[in-house]
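Coordinates in review
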Amino acid sequence: MTTIPLLSPLSLWTTVRSVSAFNVACSFVALWAFVKFSRALRWRLKTTQLRGPPRTSFIYGVSHDLSSSQDYAAMYERWATEYGVAYMIPSVLGQSRIVLCDPRAIAHFYARDTWTYVQMPLTTVIREALIGRGLLWAEGEAHRRQRKALTPAFSNAAIRKLTSVFYDSAYKVKGAWDVVIESSKDSDAVIEVQNWMNHVSLDTVGIAGFSHDFGSLDGKRSSVTEVFGSFNNNQQASAVNQTLFLLASAFPVIIKTPSKRKNLIKKLSATMGEICNELLIRSRQEKDVDMSGKDEEKSIIGLLIKSESQDAELHMSEEEVMAQMKVLLLAGYETTSISLTWALIELSRHPDVQTSLREELLAFGPDPTYDQFKANLPYLDAVVHEVLRLHPPLGVFTRVAAVDDVIPLSEPVCTVSGKMIDSISVAKGTLITISTAAINRSSTIWGPDAKEFKPDRWLTEDGITGKAKEVQGHRHLLTFVDGPRTCLGKDFAITEIKAVLSVLVKSFVFEMRDGLDTEVEIARGLMRRPRVVGEDGVGVPLRVRRYE
């Protein structure tokens, strides 16, 4: 006769607890699957199903193809030609995105940014980790309040007073390059210009924004530039991080996986935080002396300190104030330096344009004022905007619909069922993508010469095509976005670029080191930057000689 052993009370409880835990886990998994299935079903029923390119990867859709491409804008444009002004692309792990290439649809989208269309969960996680809960992170009412508090610092009157700061940085570069050329055996020198443009941008935003000179143009080491440089100098790690980033778009928790990029982001945030905290403490202490006047209260640091007051109309917490300072450091350093570097590259590639620009600047005479930059130098204005058109620092924006919406189109598109429609229904949770680079360089919108660097297009009435005029944005460009999130520092950046170029182009002649056919590729750092093929990091060596 077989004896059945009796379980002890402790063993029995352990078994029951294990089974219960397993059942609870299964219940959560089943609930998660049900919720995901219900959302997917609702999305499919509520969202217009558009045509688009086939999936090239089971895991990534076409996302890996886009992220690894040297010219992703051309891919977006090619699909628009094939599938229409609105189409759907397969994304990571079964997700889909609607891509808008239609001016009317894009205007509708941007007008509702921060309310109907909000940042992806992954974007908010990354931005909070890097810069905190500032203007770039905020949505809706919080975004409106923070933006309104900072707006006076970027008015025409405020930037008019900052023009001298831009010139100071430009003349420091000129002086340093004069020394380099003098010490050269030849009448010219090869100078890695991107690094210099980084220094220009950092010192300018430090003085203009926070009354602090980082001194990078004087050779001082800055912890900020060292950390920024770490992003640019590890291209292999960037490729690995890109894969993690793609997967994190479906599961944001992946972004918390330990990685070199995550450590760099943490280090950059901490470094910027230390600097901003020191500047804030110093400025608070000097407030009675330096911030007592009405004009000073309209400076960036003055407005931030003023907003800390509990009785301020547009009160910001200490966390928000710190975040704004990080945003200004990051945006002022990265985007402007990228645009200045591209400007020098394009002028080196097009000697005729460089000569015409120099002739205009020399004929004008003394250093232009802020108002003269706006009204009296049309060719400089044309060159700057052509650079911004062809090379927007941020080339793609993706948002998620917070509520259901209907997006109008200026021309009909064909759905997967073959039906022609002039508007598309978008369900809550739908991902919407706009490629600013593709729109800025679209042959359909800007004409057959859209890919060419052609400043003359900005000088005649018929230079901008009718379709391009339908694009709502600064000068019909999406470089600075549009709607509530239009770049607050737009005029700051444009004036800085014009001031720096006016000094350098009058003083020097620029050439590609290895000739006009030198290839330039895109390198991945914190943002996408130009790099001469074969160079380490983000090197852009140009041959520079004095203009005699």
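As the structure is a computational prediction, the values presented were derived from the model and not from experiment. (Residues numbered from 1 in each chain as written. Predicted model: local features only at pLDDT ≥ 70, side-chain atom pairs only at ≥ 80, totals over all residues. Heavy atoms only, no water.)

**A few points about the overall build of the protein chain**
Here is the rule we go by: Here a strand is any run of E in DSSP of at least two residues, a helix any run of H or I of at least four, and the numbering for each starts at the N terminus. Note on exposure labels: buried denotes an accessible area under 20% of the residue type's maximum, exposed denotes more than 50%, and partly exposed covers the range between, all computed with a 1.4 Å probe on protein chains only. Whether two residues are in contact is decided by their heavy atoms, any of which lying within 4.5 Å being enough. Calculation of accessible area relied on Shrake-Rupley with a 1.4 Å probe; when residues are assessed, cover is drawn exclusively from the protein chains displayed.
The helix and strand inventory of the protein chain stands at 20 helices and 12 strands. Residue burial in the protein chain is summarised as follows: out of 548 residues, 53% are buried. Taking the contacts inside the protein chain whose residues are at least 6 apart along the sequence as the reference set, 73% of them involve residues at least 24 apart. For the protein chain, the accessible surface area stands at approximately 25,100 Å², while carbon and sulfur atoms represent 57% of it.

**Observations concerning the packing of helix H14 (residues 318-349) against helix H15 (residues 351-364)**
Short version of the rule: An axis is simply a line fitted to the C-alpha atoms; with a helix, the fit covers only the stretch in contact. Between two such axes, the angle follows the N-to-C directions and lies from 0 to 180 degrees. The labels follow the angle: roughly parallel below 35 degrees, roughly antiparallel above 145, roughly perpendicular from 65 to 115, and oblique for the rest. Note that Gly is not counted as nonpolar here; it falls among the polar residues with everything else outside the nonpolar set of Ala, Val, Leu, Ile, Met, Phe, Trp, Tyr, Cys and Pro and the charged set of Asp, Glu, Lys and Arg.
In contact at an axis separation of 5 Å, H14 and H15 are set at 110° when each is read in the N-to-C sense. The angle between H14 and H15 falls in the class roughly perpendicular. Contacts between H14 and H15 pair Leu347, Ser348 and Arg349 from the former with Pro351, Val353, Gln354 and Leu357 from the latter. Here the contact of H14 with H15 is composed, by residue class, of four nonpolar, two polar and one charged.

**So, the packing of aromatic side chains**
The cut-off we apply is this: Here is the rule: rings of Phe, Tyr and Trp (six-membered ring for Trp) pair when centre to centre is within 6.5 Å. Planes less than 30 degrees apart are stacked, more than 60 are edge-to-face, and the remainder are tilted. Two thresholds decide whether a charge sits over a ring: the Lys NZ or Arg CZ must be within 6 Å of the ring centre and within 35 degrees of the ring normal.
Evaluation of the coordinates by the stated rule reveals 15 aromatic pairs. Here the aromatic rings of Phe166 and Phe492 are separated by 5.1 Å at their centres, their planes lie at 80°, and the arrangement is edge-to-face. With Phe166 in helix H7 (residues 156-182) and Phe492 in helix H20 (residues 490-507), this pair connects stretches of sequence that are 326 residues apart. Both residues of the pair, Phe166 and Phe492, belong to the buried class. Three or more aromatic residues joined by ring pairs make a cluster, and in this case those are Tyr72, Tyr76, Trp79, Tyr83 and Tyr87. Over the ring of Trp446 we find Arg389; its NZ or CZ atom is 5.4 Å from the centre of that ring.

**Some words on the sheet that holds strand S8 (residues 431-435)**
Basically, it comes down to this: Note: two strands are recorded as paired if DSSP finds a minimum of 2 bridges between them.
Taken in spatial order, the five strands line up as S1-S2-S8-S5-S3 in an open sheet, and their pairing is mixed. Each end of this open sheet is capped by a strand with a single partner; those strands are strand S1 (86-90) and strand S3 (117-119). Sheet twist, expressed as the mean angle between neighbouring strand axes with direction ignored, is 40°. Pairing analysis gives five bridges linking strand S5 (residues 396-401) to S8, with the strands arranged antiparallel. The residue of S8 that forms the bridge with Val396 is Ser435. Helix H3 (residues 72-83) rests against S1, strand S2 (96-100), S5 and S8 of the sheet, and its axis sits at about 120° to S1. Sheet strands in contact with helix H4 (residues 103-111) are S2, S3, S5 and S8, and its direction is about 120° off that of S8.

**Observations concerning unusual backbone geometry**
Here the phi dihedral of Leu93 falls at roughly 50°; this positive angle occurs in a residue that is not glycine. Turning to its location among the elements, Leu93 is positioned in the loop between S1 and S2. Residue classification places Leu93 among the partly exposed positions, given a relative accessible area of 40%. Even without being glycine, His476 reaches a positive phi, approximately 65°. With respect to the helices and strands, the residue His476 is situated in the loop between helix H19 (443-446) and H20. Residue class for His476 comes out partly exposed when judged on its relative accessible area of 25%.

**Digging into the pattern of salt bridges**
Defined as follows: By definition, a salt bridge exists where a carboxyl oxygen of Asp or Glu is found within 4 Å of a side-chain nitrogen of Lys or Arg.
Counting across every chain of the model gives 32 salt bridges. Among the ionic pairs, Lys454 bridges to Asp449, the shortest N-O distance being 2.8 Å. Notably, a salt bridge pairs Lys490 with Asp491, separated by 3.5 Å at the nearest N-O pair. Assessed through its relative accessible area of 16%, Lys490 is described here as buried. Residue Asp491 is classed as buried on the basis of its relative accessible area, which comes to 17%.

**Here we look at the nonpolar core**
We apply this condition: In these notes, a set of buried Ala, Val, Leu, Ile, Met, Phe, Trp, Tyr and Cys residues joined through side-chain atoms within 4.5 Å is what counts as a nonpolar core.
Residues Tyr76, Trp79, Tyr87, Leu100, Trp177, Ile424 and Leu501 are the most contacted members of the largest nonpolar core, which totals 147 residues. Take this core: its biggest share by element is 15 residues, from H14. In this structure Trp79 touches Pro53, Val62, Leu66, Gly84, Tyr87 and Ile89, once residues within four positions along its chain are discounted.

**Observations regarding the packing of H7 against H20**
Heads up, the rule is: The crossing is said to be left-handed when, going from far helix to near helix, the turn is anticlockwise and less than a right angle, and right-handed when the turn is clockwise.
Relative orientation of the contacting elements H7 and H20 amounts to 35°, with a least axis distance of 8 Å. Crossing handedness for the pair H7 and H20: right-handed. Facing Asn156, Ile159, Leu162, Thr163, Phe166, Tyr167, Ala170, Tyr171, Val173, Lys174 and Trp177 of H7, the residues of H20 in contact are Asp491, Phe492, Thr495, Glu496, Ala499, Val500, Ser502, Val503, Leu504 and Ser507. Each residue belonging to the contact of H7 with H20 can be placed in one class, and the counts come to 13 nonpolar, five polar and three charged.

**A short note on the environment of Lys451**
What counts, and what does not: Polar contact is defined as a pair of N or O atoms within 3.5 Å, subject to the rule that within protein one atom must be able to donate a hydrogen and the other to accept it, and that residues adjacent in sequence are counted only when both atoms are side-chain atoms.
Tracing the chain through its elements places Lys451 in the loop between H19 and H20. Residue classification places Lys451 among the partly exposed positions, given a relative accessible area of 45%. Through-space distance from the C-alpha of Lys451 to that of Asn440 is 9.2 Å; in sequence the pair is 11 residues apart. For Lys451, the residues in contact, after removing those within four places along its chain, are Glu77, Leu390, Arg441, Ser442 and Ser443. At 2.9 Å, the side chain of Lys451 forms a polar contact with the side chain of Glu77. Looking at Lys451, its side chain comes within polar contact range of the main-chain oxygen of Arg441, at 2.9 Å.

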